[in-house]
Amino acid sequence: MVDVARLAGVSQQTVSRVVRGATNVAPDIRERVELAITQLRYRRNPAAAALASNRTMTIGVVSFELSVLGPSVALYGISEEARQHGYSTRLVTLDSLDRSTIRTAFDSVGSDAVDGVVVLAPLYDAIAVLEALDIDVPVVSFQQGTPPSPTSVSIDEVRGARAAVRHLLDLGHETVWHVQGPEGWMASRARRRGWAEELAAAGRVGPPPLETSDWSAAEGYRAGRRLAQMPGVTAVFAANDPFALGVIKALDDAGIDVPGDVSVVGFDDVKEAPYFRPALTTVSLDFEAIGHVAVTRILEMIRGEAHGDIPYIQPQLVVRDTTAKPKR
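Residues numbered from 1 in each chain as written. Predicted model: local features only at pLDDT ≥ 70, side-chain atom pairs only at ≥ 80, totals over all residues. Heavy atoms only, no water.

(A) Region of the structure containing the overall build of the protein chain. When you go through the protein chain residue by residue, the secondary structure sums to 12 helices and 10 strands. Reported as C-alpha extents along the three principal axes, the dimensions of the protein chain are approximately 75 × 45 × 35 Å. Across the 328 residues that make up the protein chain, the buried fraction comes to 49%. Averaging the positions of the 33 positive and the 40 negative side-chain charges in the protein chain gives two centres separated by 4 Å. (Helix = DSSP H or I, 4+ residues; strand = E, 2+ residues; numbered from the N terminus. Buried < 20%, exposed > 50% of the residue type's maximum accessible area, 1.4 Å probe, protein only. Lys, Arg positive; Asp, Glu negative; His and termini not counted. Charge placed at Lys NZ, Arg CZ, Asp CG, Glu CD.)

What follows is the structure in structure tokens.
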């Protein structure tokens, strides 16, 4: 760092501020320091930085079900944001949601090993256990559809579900069927709530939602086979894109055209959604932003600079080819 400071013609403290990403550095000075860093191939020493700051320079991540889209993509955002601030990440996965398992997970990423923890377990059981624990480092959790708070990051999934249902009603469908997510997940309740609220606001009767046991396309297919046997179904809102894929396959197997006979809307906007046949109308959620926002708030809490609730991340309806006006 002394060599970088000498080459850039600045103080060692200024180099430190640039490396830490501080904002109180003039653009021209920042450019000189960054050029010197590149020329000297300077790399910050994490161990020395941790020793000097009395920090571990590590952020812990406690996650459940990384096979589910939201937590897995959020994990990437956490890793990228942490890396940009000179932090590494330490991941612990949960195989169950009982109190002892979650307590053990936090012990393994305790205050002697990490400076803060991000929890990627958006299930009601996990959050209930988390709130009862006494944890001595900053903690930020990923919660889906819950009101904004200072220590939780959330996407407004109720609004996203309402947008999906409103799209179908605006096309002329009398009502919308719902393939709901498995019980216990915050996303399931939020998306079901948005579906029900939008139907009620339009004065429409909501048919009973179809239950599922997990988030797989196989469960969507099972629900789709039931829908194919029900008269009068013209529109379906699926709680995630794999459900939508399964529903479309089941309807096709039954000789029912999408969107000619039945319109289908998914949720999440997986990378493959534009390449479904037909391309899937869905609600896009920026799960990567969850990770970036969570780490930003953790660092603010470490510095004592965290203020106010973390705003909702807003969803966006993406209209493609699986929705159309109903047949008259």
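After that view of the structure, there is still more to cover.
(B) Spotlight on the side chain of Ser-141. Mapped onto the elements, Ser-141 comes out in strand E4 (residues 139-142). Given the relative accessible area of 5%, Ser-141 is considered buried. Here the side chain of Ser-141 touches Gln-143 through a polar contact of 2.9 Å, side chain to side chain. Ignoring anything within four residues of it in the chain, the contact list for Ser-141 reads Val-119, Ile-127, Leu-130, Thr-151, Ser-152 and Val-153. (Polar contact = N/O pair within 3.5 Å; in protein donor to acceptor, adjacent residues only side chain to side chain. Contact = heavy atoms within 4.5 Å.)

(C) Fine view of the packing of aromatic side chains. Tallied over the full model, the rule gives five aromatic pairs. Taking 6.2 Å as the distance between ring centres and 75° as the angle between the ring planes, the aromatic pair formed by Phe-142 and Phe-287 counts as edge-to-face. Separated by 145 residues along the polypeptide, Phe-142 in strand E4 and Phe-287 in helix H12 (residues 287-303) bring together distant segments of the chain. Residue Phe-142 shares its accessibility class with Phe-287, and that shared class is buried. Through a chain of ring-to-ring contacts, the aromatic side chains of Phe-64, Trp-185, Trp-215 and Phe-243 assemble into a single cluster. Between the NZ or CZ atom of Arg-189 and the centre of the ring of Tyr-124, over which it lies, the distance is 4.0 Å. (Phe/Tyr/Trp six-rings, centres within 6.5 Å; stacked < 30°, edge-to-face > 60°. Lys NZ or Arg CZ within 6 Å of the ring centre and 35° of its normal.)

(D) Quick peek at the pairing of strand E7 (residues 235-238). Both faces of E7 are covered, namely the face carrying Ala-235 and Phe-237 and the face carrying Val-236 and Ala-238. Pairing of strand E6 (residues 177-179) with E7 involves three bridges; the strand directions are parallel. For His-178, the partnering residue across the bridge sits in E7 and is Phe-237. Two strands pair when backbone bridges link them, and E7 and strand E8 (residues 263-265) are joined in this way by three bridges, in the parallel orientation. (Pairing = 2+ DSSP bridges.)

(E) The arrangement of the environment of Ile-78 in detail. Assignment of secondary structure puts Ile-78 in helix H5 (residues 69-84). Placed 210 residues apart in sequence, Ile-78 and Glu-288 show a C-alpha to C-alpha distance of 7.8 Å. Those residues within four positions of Ile-78 in sequence are excluded, and the remaining contacts are Val-61, Thr-89, Val-118, Leu-120, Gly-291, His-292 and Val-295.

(F) Spatial organisation of the sheet that holds E4. An order of E2-E1-E3-E4-E5 is seen for the five strands of this open sheet, with the pairing classed as parallel. The sheet is open, and its two borders are formed by strand E2 (88-94) and strand E5 (152-153), each paired with just one other strand. Relative to E4, strand E3 (residues 116-120) is paired through three bridges, and the arrangement is parallel. Its bridge partner being in E4, Val-119 is matched across the sheet by Ser-141.

(G) Structural detail: the side chain of Asp-268. As for its position among the elements, Asp-268 is in the loop between E8 and strand E9 (282-284). A polar contact of 3.2 Å, which involves the side chain of Asp-268, links it to the side chain of Arg-191. Aside from chain neighbours lying at most four places away, what touches Asp-268 is Leu-69, Arg-191, Asn-240, Asp-241, Thr-282, Val-283, Ser-284, Leu-285 and Phe-287.

(H) Focus on the sheet that holds E6. Taken in spatial order, the three strands of this open sheet run E6-E7-E8, and their pairing is parallel. Whereas interior strands pair on both sides, the edge strands pair on one side only; in this sheet they are E6 and E8. Neighbouring strand axes in the sheet, compared pairwise and without regard to direction, differ in orientation by 20° on average. Docked against the sheet, helix H8 (residues 157-170) engages E7 and E8, running at close to 170° with respect to E7. (Axes fitted to C-alpha atoms, helices over the stretch in contact; angles between N-to-C directions.)

(I) Highlighting unusual backbone geometry. Cis geometry is adopted by the peptide bond preceding Pro-259, which originates at Val-258 and carries an omega value of 10°. One can find Pro-259 in the loop between helix H11 (241-253) and E8. The omega torsion of the bond from Arg-277 to Pro-278 falls at 0°, within 30 degrees of zero and hence cis. Mapped onto the fold, Pro-278 is located in the loop between E8 and E9. Within the chain, Arg-41 stands out as a residue other than glycine whose phi angle is a positive 55°. Tracing the chain through its elements places Arg-41 in the loop between helix H3 (27-40) and helix H4 (46-53). Despite not being glycine, Asp-268 shows a phi value in the positive range, around 115°. With a relative accessible area of 7%, Asp-268 lands in the buried category.

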